[in-house]
Amino acid sequence: MEESQNYGHQHPLLLLLNQDQLLIVANCSRCGEKVSTPCFSCAEDCGFYLHKVCAEAPLELNHPFHPHQPLLLMQRSQHSFVFCDFCNERCEKFAYHCSCNLDFHIKCALLTLNIAENNLKELEHVALQDPFISTEIGDYVAVCFLCWEPLANYKHFSPDCGFNLHEKCAKLPLKLNSTYHCQHSLVLQFNNERLSCKICKANKSHQHTFIPLLRRVPYFCDACGLEGIYVAYICSTCRIMVHRRCTTLPRIIKSSWHDHHIFHKYFLSDEFRSSDCIICHDEANPEYGSYCCSHCNVTFHVHCVTEDKSSYSIVSLENEDEMPNESSISVIERNDAGEATKIKHFKHMHNLMLSPFVGGYENSCDGCMLPISDPFYYCSKCGFFLHKACAELPKMMNVWHHSNQEPLVLISDKAFECQYCNNISTAFAYECCGCEGKICLRCVIALTPGARTCLRHEHPLFLYRDYKGQCNACGYTTSGYGAFCYKDCNFVLHLECFSLPITARHKCDEHLLSLTDHDDNSYSKSYHCDICEKSRDPNRWFYHCATCDTSAHVGCVLGSYPYLKLGSIYEETDHPHPLTIVKKKYYYPGCDECGEPCEDVALECSKSECKYIVHWDCVAPDSLQSWSEWPM
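Everything numeric in this text was worked out from a predicted model, so none of it was measured. (Residues numbered from 1 in each chain as written. Predicted model: local features only at pLDDT ≥ 70, side-chain atom pairs only at ≥ 80, totals over all residues. Heavy atoms only, no water.)

Peer 1: Help me understand the overall build of the protein chain, please; the structure alone is not making it clear to me.
Peer 2: The helix and strand inventory of the protein chain stands at nine helices and 48 strands. Looking at the protein chain as a whole, 45% of its 632 residues are labelled buried. Put simply, 47% of the contacts in the protein chain that link residues at least 6 apart link residues at least 24 apart. Accessible surface computed for the protein chain: about 34,300 Å², of which carbon and sulfur atoms make up 49%. (Helix = DSSP H or I, 4+ residues; strand = E, 2+ residues; numbered from the N terminus. Buried < 20%, exposed > 50% of the residue type's maximum accessible area, 1.4 Å probe, protein only. Contact = heavy atoms within 4.5 Å. Areas by Shrake-Rupley, 256 points an atom, 1.4 Å probe, with all protein chains shown as cover.)

Peer 1: Even after reading the chapter, I still don't get the UniProt feature "domain: Phorbol-ester/DAG-type" (unreviewed entry) in the protein chain, so can you show me in this structure?
Peer 2: When the UniProt feature table is mapped onto this chain numbering, "domain: Phorbol-ester/DAG-type" (unreviewed entry) sits at residues 207-246. Secondary structure content for residues 207-246 is 0% helix and 35% strand, while the C-alpha to C-alpha distance between its ends is 13 Å. (UniProt positions renumbered as here; feature names shortened; annotations may be inferred.)

Peer 1: In this structure, what is going on with the pattern of salt bridges? I would like to understand it.
Peer 2: If the charged atoms of two oppositely charged side chains come close together, the side chains can form a pair. Going through the model one piece at a time under the given rule, you end up with nine salt bridges. With its nearest N and O atoms 2.6 Å apart, the salt bridge here joins Lys-388 to Glu-392. In this structure, the salt-bridge partner of Asp-537 is Arg-540, at a minimum N-O distance of 3.8 Å. One salt-bridge network, in which partners are shared between bridges, spans Lys-414, Glu-431 and Lys-438. (Salt bridge = Lys/Arg side-chain N within 4 Å of Asp/Glu carboxyl O.)

Peer 1: Even after reading the chapter, I still don't get the side chain of Ser-328, so can you show me in this structure?
Peer 2: Take Ser-328: it is sitting in the loop between strand 26 (312-314) and strand 27 (329-334). Among the polar contacts made by the side chain of Ser-328, one reaches the main-chain carbonyl oxygen of Leu-393 at a distance of 2.5 Å. Residues in contact with Ser-328, not counting those within four places in the same chain, are Lys-344, His-345, Phe-346, Ala-391, Leu-393, Pro-394, Lys-395 and Leu-410. (Polar contact = N/O pair within 3.5 Å; in protein donor to acceptor, adjacent residues only side chain to side chain.)

Peer 1: Hey, could you run me through the side chain of Arg-536 in this one?
Peer 2: If you trace the backbone, Arg-536 turns up in the loop between strand 42 (513-516) and strand 43 (542-545). On the basis of relative accessible area, Arg-536 is assigned to the buried category, the value being 8%. Ignoring sequence-local partners within four residues, the contact set of Arg-536 consists of Asp-519, Tyr-527, His-528, Cys-529, Phe-542, Ser-551, Ala-552 and His-553.

Peer 1: Just to check I follow, could you spell out the pairing of strand 27 for this structure?
Peer 2: Where strand 27 and strand 28 (residues 340-345) come together, five bridges link them in antiparallel fashion. Within the sheet, the bridge partner assigned to Arg-334 lies in strand 28 and is Ala-340. Hairpin geometry of strand 27 and strand 28 is characterised by an intervening segment of five residues between the two adjacent antiparallel strands and by a positive phi of about 85° at Gly-338. (Pairing = 2+ DSSP bridges.)

Peer 1: Would you mind showing me how to read the sheet that holds strand 39 (residues 483-485) here?
Peer 2: Note: strands within a sheet are paired through backbone hydrogen bonds, in either parallel or antiparallel orientation. An order of 38-39-40 is seen for the three strands of this open sheet, with the pairing classed as antiparallel. This sheet does not close on itself; its edge strands, each paired only once, are strand 38 (462-464) and strand 40 (492-493). Pairing geometry for strand 39 and strand 40, over two bridges, is antiparallel. The residue bridging Phe-484 from the neighbouring strand is Leu-493, located in strand 40.

Peer 1: Sorry if this is basic, but what is going on with the sheet that holds strand 37 (residues 438-440) here?
Peer 2: If you trace the four strands from one edge of the open sheet to the other, you get 32-33-36-37, paired in antiparallel fashion. Every interior strand has two partners, whereas the edge strands, strand 32 (396-397) and strand 37, have only one. Examined bridge by bridge, strand 32 and strand 33 (residues 408-411) share two bridges and lie antiparallel to one another. By the bridge assignment for strand 33, Met-396 is matched with Val-409.

In structure tokens form, the structure reads like this:
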């Protein structure tokens with residue numbers, strides 16, 4: 001507690017920093033709201049209190065949202081009040097006022113000043129609220145004070161009771177270049193006159209009328225970037241020239257090539273300046289029109305994304321908002337850097353901790369079944385692990401590469417066959433609400449648009465849908481869902497080969513085996529697998545231990561079911577007890593169905609007194625059996 005200047009009060013003021021020092025419930029003499037620390041209190045206990053931010057508010061404020069005249073801090077006369085033009089609530093004490101009849105609460109003026117100057121320290125102490133918490137008070141639905149839209153669908157800040165901001169609204173730029181008003185920049189202002197939006201009145205495509213230019217001239221279409229060879233159509237307002245077919249380009253579409261809505265732009269802003277088209281991977285010229293996604297900073301050529309009419313649908317202005325991605329985790333604790341260190345995942349009963357360790361691990365991620373690598377979350381009560389990237393995937397999502405455009409739901413603890421890689425798994429998956437098809441996390445992550453790195457290859461790899469070539473890993477020809485490759489070299493990978501575990505464990509060696517892309521042992525004239533003892537192609541990928549010089553086929557190391565989690569329970573059989581998924585290492589009891597030794601994945605009765613054990617292939621349905629083999 002320290003004594004400070006009196007800020008216009010007749011007595012000295014004391015600065016209270018701890019809430020325990022505030023012994024009574026009082027209101028701020030400037031803003032009229034309940035006082036909380038830090039605040040100033042009259043040293044003579046006359047009932048005068050000021051929030052620290054209210055006390056230090058400048059008498060004159062030059063606000064970027066209202067640049068033509070300053071705002072003056074003025075005290076309302078007794079029994080008079082105005083309504084704040086920002087939050088629409090009454091101002092009965094002090095308020096910032098402009099002669100143009102603009103009035104603002106102190107907190108509204110100062111908070112929006114920080115927003116305009118992109119100084120969000122005012123919100124640093126306020127955690128982002130979960131978008132799906134209740135935002136209803138009686139029949140009132142809480143809305144954002146910037147856009148007046150409901151809070152429920154987006155992350156938002158709530159600095160104090162009744163004052164809320166969407167995260168995206170708090171970060172709006174002060175100036176904006178818009179294709180709908182090319183002549184000048186648009187400046188963020190207070191809309192105190194409640195002016196209607198001129199763009200929202202536009203149709204689904206361009207807001208102005210196109211007029212045919214009745215003269216053939218060479219031109220490049222401003223909407224799509226392709227050369228025009230017939231009559232051009234011009235918009236004199238926006239000074240653009242387009243093909244006839246491009247006069248009706250939809251402003252917003254939902255494409256099967258991307259998870260989010262994508263918007264047509266007549267020129268690309270700075271964040272897209274070096275973008276390549278996600279479909280063909282050729283450069284998108286920033287001087288001409290493209291479709292782009294501001295969520296992911298990805299770009300599409302107009303002709304690439306609209307060539308197949310069945311691959312996209314037009315999104316109306318009324319349906320512009322997308323399905324919100326509800327988080328799979330709730331954050332319990334964060335570190336000083338804001339990183340979540342303790343979380344609750346909706347698919348696990350215990351809290352998960354962010355691992356403080358760095359290095360190699362023997363465990364696998366319960367989400368994707370690939371070896372654990374940094375960073376990851378773990379459960380201190382049971383053997384449950386999740387890569388940080390797997391933990392942060394949403395509960396529901398739209399997956400661009402899934403033919404049925406229904407949303408997919410995150411599921412677990414269910415044996416399934418992935419629609420794309422055909423592997424059988426008991427890890428996490430996304431299940432389609434329409435066709436009930438399932439996609440493993442490895443494929444969901446691998447098929448996310450963007451560049452990918454791969455085992456000791458110098459170039460970034462991209463997914464080409466229609467590419468056919470020979471896979472460098474397994475030697476088979478790619479087909480179906482295309483392949484990962486780089487357009488300027490002949491390196492090609494199947495989706496399944498692209499997602500192979502970088503390390504794996506097998507009883508043939510006490511160390512972890514590493515995935516290796518080429519055998520350069522010049523001293524060896526013949527190459528063989530140390531597990532099956534058959535020959536091995538040195539140009540195909542294999543697993544290797546440099547310490548013991550052990551080499552083995554990928555298929556021999558991984559087996560037929562590398563993504564079935566050992567120790568998990570499987571109950572879809574006629575046996576009366578739950579069965580545990582096991583893989584015997586040192587002895588192989590006979591299968592109760594066929595009598596052959598259980599050398600691969602088997603199901604063993606979880607009750608110790610029951611000695612029942614069977615091969616997975618003997619009892620699992622055909623849809624959950626592996627039919628593919630890795631080449632020798």
